[in-house]
Amino acid sequence: MKASILSFMLVMALSMASFAQQDKSKRASPPDSTFVTTEDGVSIAIHYSKPSLKGRQIGVDVAPFGKVWRTGANEATTFEVDKDVLVQGQPLPAGKYGLYSIPGEDNVTIIFNKAWNQWGTVYDETQDALRVNVTPVEYGQSTEQFTIQADKSGTVSLLWGAYSVPFTVKAAK
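K.L.:
Looking at this model, I keep getting lost on the nonpolar core. Mind explaining?
P.N.:
As a rule of thumb, soluble globular proteins bury nonpolar side chains together. Ranked by internal contacts, the top residues of the largest apolar core, which has 32 residues, are Phe79, Ile110, Phe112 and Phe167. Elements represented by at least two residues in this core include exactly β2 (43–49), β3 (78–81), β4 (85–87), β6 (95–102), β7 (108–113), β8 (128–134), β9 (137–150) and β10 (155–171). The biggest single contributor to this core is β10, with seven residues.

Now the structure itself:
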């Protein structure tokens, strides 16, 4: 009987330890989500993890200029729309995508990749559904932790450091 109780307690302790290790909110780059339904009826859901600058320089130490970046941390950032849309005027079918980017000083390429259920550093260009180029703008305040915002007008903004990288999402007609 005592062996059964000890076995049960051991199993419970291991289960709780396993759960604690899987608590993503305890990560250095915790998960976050952005949800919005736009004025033209598009539901946008974005799931990502929020790395911090921690004194690093964007384009040099983190999110290097000219190289594909996972646009967040940990698992691939996901971007999902429930209707066919136009992103920066370019068509993107309804669905779920991995969101990647290629940062640059004067231009950022936003990439919607068909492979979304994977670790963020896994990237296959042949799976790209759409690439659009956008211009980063000074945000006016410094954002220590990477943040994605979306508003009812359909503007999605990637905020980090002193910059915002906005792109538009509109219902396809």
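Next comes the rest of the description.
K.L.:
Looking at this model, I keep getting lost on the environment of Lys67. Mind explaining?
P.N.:
With respect to the secondary-structure elements, Lys67 resides in the loop between β2 and β3. A sequence separation of 37 residues divides Lys67 from Gly104, and the C-alpha atoms of the two residues are 8.7 Å apart. Discounting residues that sit within four places of it in the chain, Lys67 has contacts with Ser101, Ile102 and Pro103.

K.L.:
Teacher, can you tell me more about the pattern of salt bridges here?
P.N.:
Pairing between side chains of opposite charge can happen when their charged atoms approach one another. Considering all chains together, one arrives at four salt bridges under this definition. In this structure, Asp82 and Lys83 form a salt bridge, with 3.9 Å as the shortest nitrogen-oxygen distance. According to the relative accessible area criterion, Asp82 is partly exposed, its value standing at 43%. Note that Asp128 is salt-bridged to Arg131, the shortest N-O span being 2.8 Å. Put simply, Glu125, Asp128 and Arg131 are held in one network by salt bridges that share partners.

K.L.:
Just to check I follow, could you spell out unusual backbone geometry for this structure?
P.N.:
A negative phi angle is the norm for most residues apart from glycine, just as the trans form is the norm for most peptide bonds. The backbone of Lys54 sits at a positive phi, close to 50°, despite the residue not being glycine. Considering the arrangement of structural elements, one finds Lys54 in the loop between β2 and β3. What makes Lys54 exposed here is its relative accessible area of 58%. Positive phi is not limited to glycine here, since Ala63 has a value of about 50°. For Ala63, the location among the structural elements is in the loop between β2 and β3.

Parameters at a glance
- The residue numbering used here restarts from 1 in each chain and proceeds along that chain's sequence as written.
- Local features in this predicted model are restricted to residues whose pLDDT is 70 or higher, and side-chain atom pairs enter the listing and the counts only when it is 80 or higher, whereas totals over whole chains, interfaces and linings include all residues.
- Values shown for side chains rest on all heavy atoms present in the structure; no hydrogens or waters enter the calculation.
- What we call a nonpolar core is a set of buried Ala, Val, Leu, Ile, Met, Phe, Trp, Tyr and Cys residues that are connected through their side-chain atoms within 4.5 Å.
- Relative accessible area decides the class of each residue, using a 1.4 Å probe on protein chains only: under 20% of the type maximum gives buried, over 50% gives exposed, and in between gives partly exposed.
- The helix and strand labels rest on DSSP assignments: H or I over at least four residues marks a helix, E over at least two residues marks a strand, and numbering proceeds from the N terminus.
- Residue contacts follow a heavy-atom distance rule, with two residues in contact if any of their heavy atoms lie within 4.5 Å.
- The rule for a salt bridge is simple: a side-chain nitrogen of Lys or Arg has to be within 4 Å of a carboxyl oxygen of Asp or Glu.

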